[in-house]
Amino acid sequence: MKNTRYCVLVFVLIALPVYARATESGKASPNVILFLVDDMGWMDSTPYGSQYYDTPNMQRLAKQGMRFTQAYSQPLCSPTRASLLTGQYSARHGITSAVGHTAPQEARLPPSAPANAPLLMPQSKTFLALEHYTLAEALHDAGYRTGHFGKWHLGLTQPHWPEQQGFDVAFHCHPDPGPPNSYFSPYGVVPPGTQRQVNEKRILGTITDGPDGEYITDRLTEEALKFIDSNKDRPFFLNLWHYGVHGPWGHKESITEEMAKRIDPSGRQKNPVMASMLKSIDDSLGRILDQLESLGIADDTILIFTSDNGGNTHSLTKEDEAKTKRNRDTNPTLASYRKWAGFEPPTNNAPLRDGKGRLYEGGTRVPLIVRWPGVVAANSTSDAIVGCIDVYPTVIDLLKVPANPEQKIDGISYAPILRGDGTIARDAYFIWFPHLVAGVSVRQGDWKLIRRFEERPQDYSGLIELFNLKEDLGETTNLAAQHPEKVRELNELIDRFVKETNAHYPQPNPAYQARNSKKQ
């Protein structure tokens, strides 16, 4: 259930007078747009240093707002999305992996594991629980019109769709690890309640087909623009969560052909398919910015631009194809990718190490740009350590919407940084990721410690890794042996974090048999 009716009623009665006063003062009651890109890495735009990708509107946004250089997400999409809407660490809300398109399941430790597995590893929750008082609900109850457009990935079944989490309108589909069927129309989405045929695989939702060949990035933008226009005379919260630049890497070949002519002087980024998809995302951002200006509401709109995890550096390589056995002869999207990009991975995050699905900076450090003309200094930067858990408290702080005591928030408001009238007091920032190369990390000042749960020497340099990011942004040198006191200090912080968030910590597998052990 959601919060009790009494608690919500009391919160609304408190929030409404605040909203009324804010309306009288104009700018204190701005619109909010959360523009989320899927799988866009920290280095995947001009304002963050790319000399390959063509992103003039991202550059335009950075010149008009504040660019954060040390912003974090989770290593995968569903956990980040849940943290954006709840203000909680993934260890607390329970969605720790990209499983929001699968059948409902609670977070738990499995009762058993194969004999070759040394640990019982945590399993992720697969939906955003209705008990959460989401950012959308907080703004809705403060008088905002709320709309979600695009990828949700926080619940397969209808009780966990965005309409049940505070959004008045939503344009989405399920299952949704990527776009509906394809990046191009017809999308093949059918409304809820449609009669299922025997053995039929269906995508349910509110997305409707456009003209044949319509690109989903463009369509989401069209729907978002309609939402903005219909709510231009009242405060609104727009959740524009793009499918791009996630697989299956559908792209407009006319743009890709132009991107293929570009050369990165560093020789690192060289995938014209990714460049094409990012160009479409950048065009979407430009259209949103233009619409705000044409309606005269740009100065009254907070726009937050970010990504749900680091850039993808592993898919569609020769190594990946050997594991997945993808066949381009039967997959036209893959054939198009091979035509233009060969076996290049989607992107390159250098100088950051690794990418999506890993605890290194390449998997977790993301772009974050915030614009609010007249409040946030134009063309400014911040090196404050912030993350996806901080968006919720920051937005309600900027809007002067009171926090709901029923919602536990782990994040810290960085509104003082945006307003230029203060800093934030953050002792440490944690990333909990008990999947793939499983572990947990803690960032404190220049120091970062990664604690692994299993021995995987081919992937990293030990169960404990310590880096000084100021001196070693690429995380090339493990300093754990040289700084045992720092390791102890940061490990104690992790222990406290695990306890405070009730994280499902891995446990020894009673059935485990080492590969070389002999039966007694």
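This one's a predicted model, so the numbers in the text were calculated from it and none came from an experiment.

Turning next to the sheet that holds strand β8 (residues 203-205). Taken together, three strands build an open sheet; the order of strands is β6-β8-β7 and the sheet is mixed. Strands at the two margins of the open sheet, each flanked by one partner only, are β6 (173-174) and β7 (189-190). Alignment of β7 against β8, held across two bridges, turns out to be parallel. Bridging from a neighbouring strand, Val-190 pairs with Leu-204 of β8.

Attention now moves to the layout of surface pockets. Of the pockets and cavities examined, the largest pocket occupies roughly 540 Å³. If you trace the largest pocket, you find 25 residues lining it, with Leu-76, His-314, Lys-356, Arg-358 and Leu-436 closest to the centre. No other element matches helix α9 (residues 318-324), which puts three residues into the lining of the largest pocket. Grouping the constituent residues of the lining of the largest pocket by class yields six nonpolar, twelve polar and seven charged.

Turning our eyes to something else, we now look at the packing of helix α6 (residues 216-230) against helix α8 (residues 272-294). Taken N-terminus to C-terminus, the directions of α6 and α8 make an angle of 15°; their axes are 10 Å apart at the nearest point. In terms of orientation, α6 lies roughly parallel with respect to α8. Once α6 is placed against α8, the crossing between them reads as right-handed. Between α6, through Thr-217, Asp-218, Thr-221, Glu-222, Ala-224, Leu-225, Ile-228 and Asp-229, and α8, the contact on the second element is made entirely by Ser-280, Ile-281, Ser-284, Arg-287, Ile-288, Gln-291 and Leu-292. Classifying every residue of the contact of α6 with α8 gives six nonpolar, five polar and four charged.

Right, let's talk about helix α2 (residues 56-64) for a bit. An α-helical turn contains 3.6 residues, so any two residues separated by three or four positions project in the same direction. Among the residues of α2, Asn-57, Met-58, Arg-60, Leu-61 and Ala-62 are the ones counted as buried. Turning to α2, the residues buried within the fold contact α8, β10 (301-307) and β11 (365-371).

Attention now moves to the environment of Asp-229. Within the secondary structure, Asp-229 is located in helix α6. Sequence spacing of Asp-229 and Met-259 is 30 residues, and the spatial spacing of their C-alpha atoms is 32 Å. Excluding anything up to four places from it in sequence, Asp-229 contacts Gln-291 and Leu-295.

A separate point is α6. The end-to-end C-alpha distance of α6, which contains 15 residues, comes to 21 Å, matching closely the 21 Å that a straight helix rising 1.5 Å per residue would cover. Ile-216, Thr-217, Arg-219, Leu-220, Thr-221, Glu-223, Ala-224, Leu-225, Phe-227 and Ile-228 are the residues of α6 that are buried. Those residues of α6 hidden inside the fold are in contact with β1 (31-37), β4 (145-150), β5 (169-171), β9 (236-241) and α8.

Counted residue by residue, β11 has seven buried out of seven residues, so it is predominantly covered. Two elements, β10 and β11, share four bridges in a ladder whose sense is antiparallel. Bridge pairing in β11 links Leu-303 to Arg-371.

In this section: the sheet that holds strand β14 (residues 429-433). What links the strands of a sheet is backbone hydrogen bonding, and the strands pair in either a parallel or an antiparallel sense. Reading across the sheet, the four strands line up as β14-β15-β16-β17 and stay open at both edges, with antiparallel pairing between neighbours. Looking at strand neighbours, the two that pair on one side only are β14 and β17 (464-468), the edges of this open sheet. The sheet shows a mean angle of 10° between the axes of neighbouring strands, direction not considered.

About the criteria used
- Residues numbered from 1 in each chain as written.
- Predicted model: local features only at pLDDT ≥ 70, side-chain atom pairs only at ≥ 80, totals over all residues.
- Heavy atoms only, no water.
- Pairing = 2+ DSSP bridges.
- Helix = DSSP H or I, 4+ residues; strand = E, 2+ residues; numbered from the N terminus.
- 1 Å grid on protein atoms, 1.4 Å probe; cavity = no way out; pocket = protein on both sides within 12 Å on 5 of 7 lines; lining within 4 Å.
- Points joined across faces, edges and corners; volume = space filled by probe spheres on them.
- Nonpolar A, V, L, I, M, F, W, Y, C, P; charged D, E, K, R; others polar.
- Axes fitted to C-alpha atoms, helices over the stretch in contact; angles between N-to-C directions.
- Parallel < 35°, antiparallel > 145°, perpendicular 65-115°, else oblique.
- Left-handed = near helix turned anticlockwise from the far one by under 90°.
- Contact = heavy atoms within 4.5 Å.
- Buried < 20%, exposed > 50% of the residue type's maximum accessible area, 1.4 Å probe, protein only.
- Expected span 1.5 Å × (residues − 1).

Purely geometric stuff here, so don't read any function into it on its own.
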